[in-house]
Amino acid sequence: MAKQVVHTVKKGETLGKIAKKYGAKDWKYIYSDPANAKFRKTRPDPNAIEPRDKIVIPPTKAMVQGKYAKDMPRMSISIDADKELVFVQQKWAYTWVEKPGVSKWTSKEKKDFHNAADKAIWARWSGKFKLTVSGASDFARAYKDTVFKVNFDIKYVSSGGHWTVTVTKVPKGSKSPTSSVDWNGQKIKLDSEDTKLKDLQGTGKKDDKQSPFAHEFGHAVGNSKHGPAAHGDEYKAGHANFADKESMMNIGNTLKKRHADHLILELNKMIKDTTWTVKSVG
Amino acid sequence: MDGQKRRMIRRLVCYALLGLTPVLVVTTAKEISAMSAIQDTDPTSLTWTTARGRMGAPSETEDFPLMPELPEFRNALPDLAGPDAVASREIVREATWPISDTHNRTIWFQNRNDAWVYLHHFDWKNDLEF
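Conventions adopted
- Residues numbered from 1 in each chain as written.
- Chains lettered and ligands numbered in written order.
- Predicted model: local features only at pLDDT ≥ 70, side-chain atom pairs only at ≥ 80, totals over all residues.
- Heavy atoms only, no water.
- Helix = DSSP H or I, 4+ residues; strand = E, 2+ residues; numbered from the N terminus.
- Rg over C-alpha atoms; globule rule 2.2 N^0.38 Å.
- Buried < 20%, exposed > 50% of the residue type's maximum accessible area, 1.4 Å probe, protein only.
- Contact = heavy atoms within 4.5 Å.
- Areas by Shrake-Rupley, 256 points an atom, 1.4 Å probe, with all protein chains shown as cover.
- Lys, Arg positive; Asp, Glu negative; His and termini not counted.
- Charge placed at Lys NZ, Arg CZ, Asp CG, Glu CD.
- pLDDT = per-residue confidence, 0-100.
- Core = buried A, V, L, I, M, F, W, Y, C linked by side-chain atoms within 4.5 Å.
- Domains from an automatic or database assignment.
- Salt bridge = Lys/Arg side-chain N within 4 Å of Asp/Glu carboxyl O.

### A word on the overall build of chain A
Secondary structure summary: chain A contains 7 helices and 11 strands in total. Over its C-alpha trace chain A gives a radius of gyration of 25 Å, far above what one expects of a compact globule, namely 19 Å for 282 residues. Burial analysis of chain A (282 residues in total) assigns 50% to the buried set. In chain A, once contacts between residues fewer than 6 apart in sequence are set aside, the share between residues at least 24 apart is 64%. Carbon and sulfur atoms provide 52% of the accessible area of chain A, an area that totals close to 13800 Å². Of the side chains in chain A, 52 bear a positive and 32 a negative charge, and the two mean positions are spaced by 3 Å.

### A few points about the confidence of the model for chain B
In this model, chain B carries a mean pLDDT of 85, and residues with pLDDT of at least 70 account for 76%. In the predicted structure, residues 22-27 of chain B sits below a pLDDT of 50 and forms 3 contacts with residues beyond four places in sequence or in another chain.

### Examining the nonpolar core
Counting residues in each nonpolar core, the largest one holds 51 residues, and the members touching the most others are Val86, Trp92 and Trp276 of chain A. Among all residues touching Trp92 of chain A, those that are not within four sequence positions of it are Ala117, Ile121, Ile154, Lys155, Tyr156, Val157, Trp163, Val165, Ile188, Leu190 and Phe217 of chain A. Membership of the second largest hydrophobic core comes to 18 residues, among which are Tyr235 of chain A together with Phe64, Val92 and Trp124 of chain B.

### What about the domain arrangement of chain A?
Taken domain by domain, chain A consists of domain 1 (5-57) and domain 2 (67-281). Between the C-alpha centres of domain 1 of chain A and domain 2 of chain A there is a distance of 46 Å.

### Here we look at the pattern of salt bridges
The final tally for this structure, using the stated rule, is 25 salt bridges over all chains. Where Glu60 of chain B meets Lys236 of chain A, a salt bridge forms, and the shortest distance between an N and an O atom there is 4.0 Å. Placement of the pair is Glu60 of chain B in strand E1 (residues 60-65) and Lys236 of chain A in the loop between helix H6 (212-220) and helix H7 (261-267), with the two residues belonging to separate chains. Residue classification places Glu60 of chain B among the partly exposed residues on the basis of a relative accessible area of 40%. Among the residues examined, Lys236 of chain A registers a relative accessible area of 19% and is labelled buried. Its salt-bridge partner being Lys125 of chain B, residue Asp127 of chain B comes within 3.4 Å of it at the nearest N-O pair. Several salt bridges converge on common partners, so that one network encompasses Glu234, Asp244, Glu246, Lys256 and Arg258 of chain A.

Right, here's the structure in full:
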């Protein structure tokens with residue numbers, strides 16, 4: 001926790017001016033802080049403060065560190081509090097293979113495949129989770145009313161990826177190989193048919209269709225029964241969320257709060273005494 | 001001698017050296033023997049009844065209707081079962097057995113004349129999610 005800031009009131013200053021000086025959202029944030037209980041007793045009228053009064057300035061956005069980042073084996077997470085943003089990025093190191101009888105991947109096809117995956121993941125994962133913070137840290141106190149959005153991105157790298165991604169070029173309509181994610185081995189297997197949306201719910205509605213990229217990314221971003229969140233696919237009978245067909249990790253296209261469990265676990269390790277919560281998903 | 005049997009013998013020697021109880025050895029040997037039996041069985045000739053007879057009880061089973069598109073793990077089934085089976089939402093039986101410490105075998109059956117007969121199978125690393 002940062003050293004406590006105590007402000008001595010000067011002639012002509014108001015709580016509003018002091019709040020502005022320290023980057024507080026308003027005077028109430030300072031006046032109502034528990035550390036100013038004695039001050040409130042002395043000055044019950046917030047409009048009647050006097051020179052030489054001493055006021056504790058609680059942590060404000062302008063006063064606290066707002067940028068944090070960490071790189072983990074399977075993803076990197078960065079927090080930019082000024083932008084009210086959490087950014088999750090995975091580096092994907094591709095291996096390109098072909099089924100027998102299928103032409104070699106061209107550079108353009110490789111680029112197009114990555115762009116399609118990136119676009120699908122961005123569209124279905126980014127901006128959906130709305131996070132808030134609480135806790136005793138200066139960060140949590142300064143940003144307690146801030147709603148953070150989370151963006152997700154995959155980056156095409158030639159080596160040093162968080163994930164080794166093997167993509168097989170297959171004939172159109174091919175149902176194999178089976179796309180998969182190996183959480184422990186940090187390996188993803190995809191194929192050229194994964195660019196197509198799947199109508200797993202059978203509704204025929206575009207918004208219900210599932211992107212294979214987005215579903216597999218869901219595993220890679222922590223929805224794995226082998227990871228700390230300890231939950232993965234939901235479409236098998238007996239799973240706690242089997243009935244939630246619209247879920248991205250079931251047969252649908254919708255994110256649920258639980259799909260950020262791993263992210264929340266990791267965020268909660270990043271800033272001491274700061275607890276992150278998914279306020280909403282949408 | 002296949003890998004499973006070699007591993008079993010190595011384990012038995014280790015257990016003997018460590019003085020572990022025979023019960024543990026018998027249980028482990030049974031498990032390995034069961035997994036070897038599954039590995040040695042041609043899945044394409046199996047019915048639901050013969051599969052359980054030869055390989056024991058599966059670790060997981062589920063019955064579900066065929067749909068034109070199924071989750072990745074099951075996505076080969078609609079084409080294999082055929083359009084009529086899909087159109088009538090025919091029920092498929094899915095059963096999974098461990099075939100080694102690292103791999104599972106899933107066999108899908110379809111009902112023909114009151115018998116669950118082989119439709120498809122898939123051997124997969126048990127670390128994978130689909």
